[in-house]
Amino acid sequence: MGPNAFPGRPTLCQVQTSMEVKPLKILQLGKFYPIYGGVEKVAYDLTVGLSGRHVDCDMLCAACRGGDREVPVNAHAKIIICRTWWKVAATMISPSMIFRLRRIGGRYDIIHVHHPDPMAAFALFVSGYRGRVILHWHSDICKQRRLLMLYRPLLSWLLRRASRIIGTSPVYLAESPFLRDVRSKTVCLPIGTDPIQSDPEAVQAIRARYGNRKIVFSLGRLVAYKGFSNLVAAAEYLNEEYVVLIGGSGPLEAELRRAIDRRNMGRRVELLGRIPETELPAYYGACDVFCLSSIQKTEAFGIVQIEAMSCGKPVIATNIPESGVSWVNAHGVSGLNVAPGDPEGLARAIKTITESETVYKAYCAGAKQRYLEWFTKERMIEKCLNIYRYEK
């Protein structure tokens, strides 16, 4: 009996095709706007990337400042921003997010919620949403232990409610104690970024500013878990051929400046403050190596590593227990990983990579290749679409 034995009835192939092209409507839920940190950057990049493929994808988040509003992205996406009433333990308290999600949640086939964000989890819990939930597990909650006790029942519900749980590295998925009982639902989706494109003239201007010395670049908020004090101390083990540049602002800025002055390292270490987005590519392009000196599991992935790799820059990072940082930076391929909190180890790794031209070029090529194989934005968007379709 041929495939058209029953005229008017769709064939299996036609049914499969119609299922494959069925339009999806996605809502990325959490965290803040404007986009500052890694979690909200991933949510935003997914919104832009998916909508760029004509998938309807909106983003619902809390406002860092200002009231309720919508920011159009393109014909298939918008950012829905909810007024924040106050901030508690790095969580934006936004009652309007609850009411907005209850009103619009039913429009979406999938809500993709980004963790950690207790406000987003609570809004989802009370929304009455009955569709599919994807939970993006960016990191464990490591600092707020007392608040975690209060949040734990809601978190347990969220883990049960999710049909899929996304992790950014296989290490974090395997090691997180929170995911121990739900590992059958987990899937790895490494973060991807667009390649950093730097202007050659701007790169050369930075290199000339520092006398064409070997530049060690680092970037991040000046907070304790980033381990910048160890990077400052590492400069004592480097000679005058090197200069360490640290971009970013934060509560430890004054303390780091005092440490630099106390060690008389003003010529070898410079705090650049917050670098404008337009100037950042030039620093990636100008540096010889990138250093991620973080010391705690709060650093779950390290997007700055893959931004540096996209420029073909070797990375020095740390072997933080249970973190994906050292998986992102493949030891001996894209760079070297050392023990957390070891300034001399950081300096030794920097010298190992940069003292031989042959060795250095091999690490540059390895960094670029690792980026292309694992961490492009196109790869992240494509795999995310496959997860939505329940394809691994």
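Here's a quick rundown of the structure. None of the values given here were measured: they were computed from a predicted structure.

**Considerations on the pairing of strand β8 (residues 132-137)**
Turning to step 1, where the next piece is worked out: In terms of burial, β8 is a largely internal element, 5 of the 6 residues being buried.
Turning to step 2, where the next piece is worked out: Where strand β7 (residues 110-115) meets β8, 6 bridges bridge the pair, whose relative direction is parallel. Bridging across to β8, Ile110 finds its partner in Arg132.
Turning to step 3, where the next piece is worked out: In the classification by handedness, the crossover that spans β7, the intervening helix α4 (residues 118-127) and the parallel β8 is right-handed.

**A closer look at the packing of helix α13 (residues 343-354) against helix α14 (residues 357-374)**
Turning to step 1, where the next piece is worked out: Where α13 contacts α14, the two axes come as close as 6 Å, and the packing angle between them is 100 degrees. Taken together, the axes of α13 and α14 are roughly perpendicular relative to one another. For the pair α13 and α14, the contacting residues are Thr352, Ile353 and Thr354 in the first and Val359, Tyr360 and Tyr363 in the second.

**Focus on the environment of Val289**
Turning to step 1, where the next piece is worked out: Turning to its location among the elements, Val289 is positioned in strand β14 (residues 289-291).
Turning to step 2, where the next piece is worked out: Val289 sits 53 residues away from Glu236 along the chain, and the two C-alpha atoms are 17 Å apart.

**Some words on the side chain of Ser96**
Turning to step 1, where the next piece is worked out: Within the secondary structure, Ser96 sits in helix α3 (residues 95-104).
Turning to step 2, where the next piece is worked out: Within the local environment of Ser96, its side chain forms a polar contact with the side chain of Asp68, the two groups lying 3.2 Å apart.
Turning to step 3, where the next piece is worked out: Apart from residues lying up to four places away in sequence, Ser96 is in contact with Asp68, Cys82 and Arg83.

**Considerations on the sheet that holds β14**
Backbone-to-backbone hydrogen bonds pair the strands of a sheet. The strands run either parallel or antiparallel.
Turning to step 1, where the next piece is worked out: Taken in spatial order, the 6 strands make up an open sheet running β13-β12-β11-β14-β15-β16, and their pairing is parallel. Either end of the sheet is taken by a strand with one partner, and the two such strands are β13 (269-273) and β16 (335-338). This sheet shows a mean twist of 25 degrees between the axes of neighbouring strands, independent of strand direction.
Turning to step 2, where the next piece is worked out: Pairing geometry for strand β12 (residues 242-247) and β13, over 4 bridges, is parallel. Each residue of the ladder has a partner; that of Leu245, found in β13, is Glu270.

**As for the pattern of salt bridges**
Turning to step 1, where the next piece is worked out: Using the criterion set out here, one finds 18 salt bridges in the structure.
Turning to step 2, where the next piece is worked out: Among the salt bridges present, the one from Arg267 reaches Glu240, with a minimum N-O distance of 3.1 Å. Of the two residues, Arg267 is situated in the loop between α9 (253-262) and β13 and Glu240 in the loop between α8 (228-234) and β12; the sequence distance between them amounts to 27 residues.
Turning to step 3, where the next piece is worked out: Residue Arg267 is classed as exposed on the basis of its relative accessible area of 53%.
Turning to step 4, where the next piece is worked out: In this structure, the salt-bridge partner of Lys361 is Glu357, at a minimum N-O distance of 3.9 Å. Residue Lys361 and its partner Glu357 are both found in helix α14; the two are separated by 4 residues, about one turn of the helix.

**Notes on the nonpolar core**
One recurring pattern in soluble globular proteins: nonpolar side chains tend to sit buried together.
Turning to step 1, where the next piece is worked out: Counting 52 residues, the largest nonpolar core has Phe217, Tyr284, Phe290 and Tyr388 as its most contacted members.
Turning to step 2, where the next piece is worked out: Of the residues forming this core, the biggest block, 6 residues, is contributed by helix α15 (residues 377-388).
Turning to step 3, where the next piece is worked out: Excluding residues that lie within four positions of it along the chain, Phe290 makes contacts with Phe217, Ser218, Leu219, Tyr284, Val304, Gln305, Ala308, Pro314, Val315 and Ile316.

**What to know about the environment of Arg164**
Turning to step 1, where the next piece is worked out: Mapping Arg164 onto the fold places it in strand β9 (residues 164-167).
Turning to step 2, where the next piece is worked out: Judged by relative accessible area, which is 9%, Arg164 ranks as buried.
Turning to step 3, where the next piece is worked out: It is 8.0 Å that separates the C-alpha atoms of Arg164 and Ile387, two residues lying 223 residues apart in sequence.

**Some remarks on the packing of α3 against α4**
Turning to step 1, where the next piece is worked out: Contact pair α3 / α4: the axes reach a minimum separation of 9 Å and the direction vectors enclose 40 degrees. Relative to α4, the element α3 lies oblique. Of the two elements, α3 crosses α4, and the hand of that crossing is right-handed. Every residue of α4 that contacts α3 at Met97, Ile98, Leu101 and Arg102 is listed here: Met119, Ala120, Phe122, Ala123, Leu124, Val126 and Ser127.
Turning to step 2, where the next piece is worked out: Looking at side-chain class alone, the contact of α3 with α4 contains 9 nonpolar, 1 polar and 1 charged residues.

Conventions used here
- For every chain, the first residue of the written sequence is number 1, and numbering continues from 1 onward in sequence order.
- Given that this is a predicted model, residues contribute local features only at a pLDDT of at least 70 and side-chain atom pairs are listed and counted only at 80 or more, while totals for whole chains, interfaces and linings are drawn from all residues.
- Neither water nor hydrogens contribute to the side-chain values; these are computed over all heavy atoms in the structure.
- Three labels apply to residues, based on accessible area from a 1.4 Å probe with only protein chains included: buried if under 20% of the type maximum, exposed if over 50%, partly exposed otherwise in between.
- Segments assigned H or I by DSSP are reported as helices when at least four residues long, segments assigned E as strands when at least two residues long, and all are numbered from the N terminus.
- In this analysis, strands are considered paired if DSSP registers two or more bridges between them.
- Crossover handedness is defined by viewing with both strands directed away from the observer: a clockwise path from the first strand over the helix to the second marks the crossover as right-handed.
- Orientation is described by axes fitted as lines to C-alpha atoms, over the contacting stretch for helices, and by angles from 0 to 180 degrees between their N-to-C directions.
- Under this scheme an angle from 65 to 115 degrees is roughly perpendicular, one under 35 degrees roughly parallel, and one over 145 degrees roughly antiparallel; angles in between are oblique.
- Contacts are assigned to residue pairs with any non-hydrogen atoms lying within 4.5 Å of each other.
- For the purposes of these results, a polar contact is taken to be a pair of N or O atoms within 3.5 Å, where, inside protein, one atom must be able to donate a hydrogen and its partner to accept one; residues adjacent in sequence count only when each atom of the pair is a side-chain atom.
- Salt bridges are defined by distance alone: a side-chain nitrogen of Lys or Arg within 4 Å of a carboxyl oxygen of Asp or Glu.
- Joining through side-chain atoms within 4.5 Å is the link that ties buried Ala, Val, Leu, Ile, Met, Phe, Trp, Tyr and Cys residues into a set, and such a set is a nonpolar core.
- The handedness criterion is simple: a crossing whose near helix is rotated anticlockwise from the far helix by less than a right angle is left-handed, and one whose near helix is rotated clockwise is right-handed.
- Gly counts as polar in this scheme, as do all residues outside two lists: the nonpolar Ala, Val, Leu, Ile, Met, Phe, Trp, Tyr, Cys and Pro, and the charged Asp, Glu, Lys and Arg.

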